[in-house]
Amino acid sequence: MKTLSKQKYFTYLFIVNILLLTISNTAIFSGSISSSDDIDLDELLPEPTILYDSVELFLEGQNTFTLNISFQKNWIYYFSFESYVPFSDVFLMDAFCQTPAGRNYHFFDYNGSIENEVYKIYFEYGSTESGYHIINLLVNTSQNINIHVYLEEYLPLETYYNHFALEEINNQSFFCDINQYSLLKNEKEYIYPVKDDTEYKFNFFRVNPISQTDKRENMFGNPKVIMTVDLDGTDFEIYRNIQTLDFSLYGNVENDDFLDMDRNFYNQTFLERFGAHCTGNMSISITIEGFIPFDLNFAFMVWEVGSIGNGTDGVGGNENATIPNPFNNNTDTELHNKTLTDTLDGWIAITGLFIQSNWWAIFLVMGSIMIASAVYGKYKFMFKAQIVKFKKKLGNDEFDKAKKTKSEGMQ
């Protein structure tokens, strides 16, 4: 039986592993899409998951309390801290958050007296990463104090927005994403399919609070945002260098006049509409302008409103389109940092994201190849030695037989 050469062996092994990786990558990408089609807002909202709910003692002086909690990307989290003692003349409290990627947020700070059942701090936070987040509470108090610490995983962003929106949203076309922006990471691109003669709406708002002290010390001003769309080679300006708004979700700690259960993210400044003149993939580019001293999380969303024409212009058809998954919404990657302007950049981004998303599979494959190479190398020399030995023995036997035959013929 003809055996495979070393080159053919590794070629077949490489092809098989590439096929396995491709299948794995396809499963990961398709399985990670969070489609709004699965959400039935007529049903009851899902019950929030309580992540922490306990009264904690903070002794007179300085205290540090740490929580290590797993968050999911594109989910809204609710924080609440409430005093349960008569008073504390001096009360300083800071809340910090560190993400799995090492991004740091200073949610809020409070400096003053605090009284029982009078003061309650609460706010919401939209996560850009999945994984364990470190929540640090720094408390300095002049009296021993008990604080009720409460944290819950409230709702995924799409359900959250649909629940509090002032108009009915088309869930089948609804797409949303929370992305982190910073001084060196101020751009983001999405690809969204649109249909001819159809109206679409956009919205954009911040989903993380900022400490008032940090804002004062850094002379922070809300950065401006520019958003353009490209459809069929034509550029349109949606947000024209508009100043972003203060954090305005539930329990807005940046605004002393907030109302309980008031979601103020539905504003006319960023609630813009767009009418598609043809069917195709629309490229959406978002750029944050200005000095950005902190990591800022912004939620972006787009959805179909309805038909605004009968398609008699003959430009494109009004075919059904599905919401895309911009690479992978559940994977945090710096490849979403810069706008992908050409095909080469797109392939580089996809390749990098593939490696990042499947590092464990690549590791196993490379390990398997190394082990196979080591075993093959070891036994190759062993078998080679045995074969050489066998050939020598066989050669000697044949030589002896030939010698014997020759000698008998001479006789």
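J.: Explain the nonpolar core here, please?
T.: Across soluble globular proteins, nonpolar side chains have a tendency to be buried as a group. Counting residues in hydrophobic clusters, the biggest one holds 48 residues, and the most contacted among them are F79, F81, F107, Y161 and M301. Among the nonpolar cores identified, the runner-up in size contains 30 residues, and I238, A276, I284 and L296 belong to it.

J.: It is not clear to me how the packing of aromatic side chains should be interpreted in this structure. Could you clarify?
T.: The way to describe two aromatic rings as a pair is by their centre distance and the angle between their planes. Taken as a whole and judged by the stated rule, the model has 32 aromatic pairs. Aromatic side chains Y154 and Y160 sit 5.8 Å apart centroid to centroid with 85 degrees between the ring planes, which places their arrangement in the edge-to-face category. A relative accessible area of 15% places Y154 in the buried class. Y160 gets classed as buried once you look at its relative accessible area, which sits at 1%. What links up through ring pairs into an aromatic cluster is the set F71, Y77, F79, F81, Y105, F107, F108, F123 and Y125.

J.: How do you make sense of the sheet that holds strand β8 (residues 145-156) when you look at a structure like this?
T.: Picture the strands of a sheet paired through backbone hydrogen bonds; they go either parallel or antiparallel. Pairing is antiparallel across the open sheet formed by 4 strands, whose spatial order is β1-β8-β3-β6. Both edges of this open sheet fall to β1 (49-58) and β6 (120-126), since each of them pairs with a single strand only. In this sheet, adjacent strand axes meet at a mean angle of 15 degrees when their direction is disregarded. Pairing between β1 and β8: 9 bridges, direction antiparallel. Bridge pairing links E56 to I147 in β8.

J.: Can you walk me through the sheet that holds strand β9 (residues 175-181) in this structure?
T.: Strands sit in the order β9-β16-β11-β14 across an open sheet of 4 strands; the sheet is antiparallel. Of all the strands in the sheet, just β9 and β14 (272-276) have a single pairing partner and so form its edges. Each strand of the sheet is rotated relative to its neighbour by a mean of 25 degrees, with strand direction disregarded. Relative to β14, strand β11 (residues 198-206) is paired through 5 bridges, and the arrangement is antiparallel. What sits directly across from Y200, in β14, is F274.

J.: Whenever I open this one, unusual backbone geometry confuses me. Can you help?
T.: Where the residue is not glycine, phi is negative for most of them; where a peptide bond is considered, it is trans in most cases. Within the chain, N74 stands out as a residue other than glycine whose phi angle is a positive 65 degrees. Relative to the helices and strands, N74 is located in the loop between β2 (61-71) and β3 (75-83). N74 gets classed as buried once you look at its relative accessible area, which sits at 8%. The backbone of D232 sits at a positive phi, close to 55 degrees, despite the residue not being glycine. With respect to the element layout, D232 can be found in the loop between β12 (224-231) and β13 (234-243). Given the relative accessible area of 59%, D232 is considered exposed.

J.: Which parts of the structure should I look at to understand the pairing of strand β4 (residues 87-98)?
T.: Side-chain positions along a regular strand alternate between the two faces of the sheet. Relative to strand β5 (residues 104-115), β4 runs antiparallel, the two sharing 10 bridges. Pairing of Q98 across the sheet is with N104, part of β5. Here β4 hands over to β5 after 5 residues, with G102 in that stretch at a positive phi of 85 degrees.

Thresholds applied
- Residues numbered from 1 in each chain as written.
- Predicted model: local features only at pLDDT ≥ 70, side-chain atom pairs only at ≥ 80, totals over all residues.
- Heavy atoms only, no water.
- Core = buried A, V, L, I, M, F, W, Y, C linked by side-chain atoms within 4.5 Å.
- Buried < 20%, exposed > 50% of the residue type's maximum accessible area, 1.4 Å probe, protein only.
- Phe/Tyr/Trp six-rings, centres within 6.5 Å; stacked < 30°, edge-to-face > 60°.
- Pairing = 2+ DSSP bridges.
- Helix = DSSP H or I, 4+ residues; strand = E, 2+ residues; numbered from the N terminus.
- Axes fitted to C-alpha atoms, helices over the stretch in contact; angles between N-to-C directions.

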